[in-house]
Amino acid sequence: MSTTGTGTGAGEDTEPGIGAAEIAEPGAVTVVVPTFNESANVRELLHRLTESVPGRLPCEVVFVDDSTDTTPEVIRSAAQDCPFPVTVIHRESPDGGLGGAVVEGLRAAGSEWIVVMDADLQHPPDLVPELVAAGETAGADLVVASRYLRGGSREGLAGGYRIAVSRTATWLTKALFPRGLRGISDPMSGFFAIRRSAVTDAVAAGELRPLGYKILLELAVRLRPRAVAEVPFVFRERFAGESKSTPAEGLRFLRHLIGLRTAAPLARMIAFGLIGLTGFVPNLLALYLLTRGGMHYLPAEVAANQFGVAWNFLLIEVLLFRDRRGHRHWADRMGRFALLANADLLLRIPLIALLVAGAGMPVLPATALALLLTFVLRFAATEALVYLPRGPRGSHGSGRPGASRPGSADHA
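All of these numbers come straight from a predicted model, not from anything done at the bench.

Quick one: what's the story with the nonpolar core, residue by residue and with numbers?
Membership of the largest hydrophobic core comes to 39 residues, with the highest contact counts inside it found for Val-29, Val-61, Phe-63, Val-86, Val-128, Val-143 and Phe-191. Counting 26 residues, the second-largest nonpolar core is a separate cluster that includes Val-102, Ile-114, Leu-217 and Val-221.

Here you go:
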């Protein structure tokens, strides 16, 4: 990762950051802009920021760049005409996608307020001072630019498909996190302001683990800001280039939603049980095919159970324990998971017999209790023996979403 500073701050050999001892003067703002191949947009963005922000409050701009084109060079060239410091952080590895880039920008910010916005001019730069003013007036930690307040609109969304996707995603996130997103009408917004003090500890401790491009959801759910304000805005068309929103990004967003929703142990256990229920489908299908092929039903059941185990393992890997896969090789995880799943069958039958013969319980209640007990034991054993809890930040470099890599800083 390389860092280049230019603009009015050029020549200074310091790097403002989350851990810095001094903060910029009250009311100052750091504008964080994640970029991926936005060379056609960044010059105009800096021009409009120059026209609208420094005359109203002190500012700096931090670009966190994952580009494969000339975006960093265009930023450095355009920054020569800016009356404020401009920094370019180019990441060799785009860990965490756009959300990971924003976390890197939060770490580098040195102002009291941090505004996150896109580089494509769909987020109006002249609204940056309004976001900060709204936060100061309301005493809020988070200010969201919303398309759904009176005076706002999503007119820049091209086509009915993107509008439908945006509406569905908004409904889904608000349904999954009614308390965490209270007071936020547009949780899918990528344009917002947040107090530096509200994110300092979380960034330093590595608590933010974004996946994909919806970082506002990550901040709102994990940090639970004490107060939230909103400002209406009109979502514009892109100034140049094409949208980076793809079906792959949509899948990453869904995985992120599941990861956030299952962060608590109880929610994770419920999801583990629901995934287990889906395993009956491949199990029964395999049993049908094997018995139709002439296999005796008892060995067929043993073999069919392995199809259900493999199905459950795949879903758990992708949806539930995605951030805990770096501690063991996949074959080791698969073997341990299969062993626990099959041991569950061996444990359940003696347990049912014990409850019926020893405790005098009827068969059906005994079976239900045995299912519940073995399920809880299997969930606990899966967490402890297959997916070890994440260790202290920094002890396992691989598998840390958003982790920064060592790099050099040169100042233009």
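Alright, that's what it looks like, and here's the rest.
How would you sum up the pairing of strand β6 (residues 142-146)? Please name residues and give values.
Along β6, five of the five residues are buried, which leaves the element largely enclosed by surrounding structure. Residues of β6 alternate between two faces, with Leu-142, Val-144 and Ser-146 on one and Val-143 and Ala-145 on the opposite face, all of them buried. Pairing geometry for β6 and strand β7 (residues 192-195), over three bridges, is antiparallel. Counted as the bridge partner of Leu-142 is Ile-194 from β7. Both β6 and strand β8 (residues 228-232) contribute to a ladder of five bridges, which runs parallel. In the sheet register, Val-143 faces β8, and the bridge partner there is Ala-229.

Outline the packing of aromatic side chains, listing residues and values.
What the rule picks out here adds up to six aromatic pairs. Centre to centre, the rings of Phe-233 and Phe-235 are 6.3 Å apart; their planes meet at 80°, and the pair counts as edge-to-face. Across the pair, Phe-235 and Phe-233 agree in class, each one buried. Where Phe-321 meets Tyr-387, the ring centres are 4.5 Å apart and the plane angle is 10°; that geometry is what we call stacked. Within this pair, whereas Phe-321 is found in the loop between α11 (297-320) and α12 (330-358), its partner Tyr-387 is found in the loop between α13 (363-386) and β9 (408-411), the two being separated by 66 residues in sequence. Relative accessible area serves as the criterion here: at 0%, Tyr-387 is assigned to the buried category. One aromatic cluster is present, formed by Phe-191, Phe-233 and Phe-235 through successive ring pairs. Its end group placed over the ring of Phe-235, Arg-147 keeps NZ or CZ at 5.5 Å from the ring centre.

Hey, could you go over the pattern of salt bridges for me, with residue numbers and the actual values?
Applying the stated criterion across every chain, the model contains 13 salt bridges. For Arg-76, the salt bridge identified is with Glu-73, shortest N-O distance 3.9 Å. Of the two residues, Arg-76 and Glu-73 both sit in helix α2 (residues 71-79), three residues apart, roughly one turn of that helix. What makes Arg-76 partly exposed here is its relative accessible area of 22%. Glu-73 gets classed as partly exposed once you look at its relative accessible area, which sits at 47%. Measuring nitrogen to oxygen at the nearest pair gives 2.7 Å for the salt bridge that ties Glu-317 to Arg-333. Taken together, the positions of Glu-317 in helix α11 and Arg-333 in helix α12 put the pair 16 residues apart, joining distant regions of the chain. Classification of Glu-317 as buried rests on a relative accessible area of 7%. Residue class for Arg-333 comes out buried when judged on its relative accessible area of 5%.

Give me the lowdown on the packing of helix α10 (residues 280-292) against α11, citing residues and values where you can.
At a closest axis distance of 8 Å, the pairing of α10 and α11 adopts a crossing angle of 145°. You can see that α10 and α11 cross each other, and the crossing is right-handed. Residues Pro-282, Asn-283, Ala-286, Leu-287, Leu-290 and Thr-291 of α10 touch α11, and the partners they reach there are Tyr-297, Ala-300, Glu-301, Ala-303, Ala-304, Asn-305, Phe-307, Gly-308 and Trp-311. By residue class, the composition of the contact of α10 with α11 is ten nonpolar, four polar and one charged.

Conventions and cut-offs
Residues numbered from 1 in each chain as written. Predicted model: local features only at pLDDT ≥ 70, side-chain atom pairs only at ≥ 80, totals over all residues. Heavy atoms only, no water. Core = buried A, V, L, I, M, F, W, Y, C linked by side-chain atoms within 4.5 Å. Buried < 20%, exposed > 50% of the residue type's maximum accessible area, 1.4 Å probe, protein only. Helix = DSSP H or I, 4+ residues; strand = E, 2+ residues; numbered from the N terminus. Pairing = 2+ DSSP bridges. Phe/Tyr/Trp six-rings, centres within 6.5 Å; stacked < 30°, edge-to-face > 60°. Lys NZ or Arg CZ within 6 Å of the ring centre and 35° of its normal. Salt bridge = Lys/Arg side-chain N within 4 Å of Asp/Glu carboxyl O. Axes fitted to C-alpha atoms, helices over the stretch in contact; angles between N-to-C directions. Left-handed = near helix turned anticlockwise from the far one by under 90°. Contact = heavy atoms within 4.5 Å. Nonpolar A, V, L, I, M, F, W, Y, C, P; charged D, E, K, R; others polar.

Remember that the coordinates give geometry; whether it matters functionally is a separate question.
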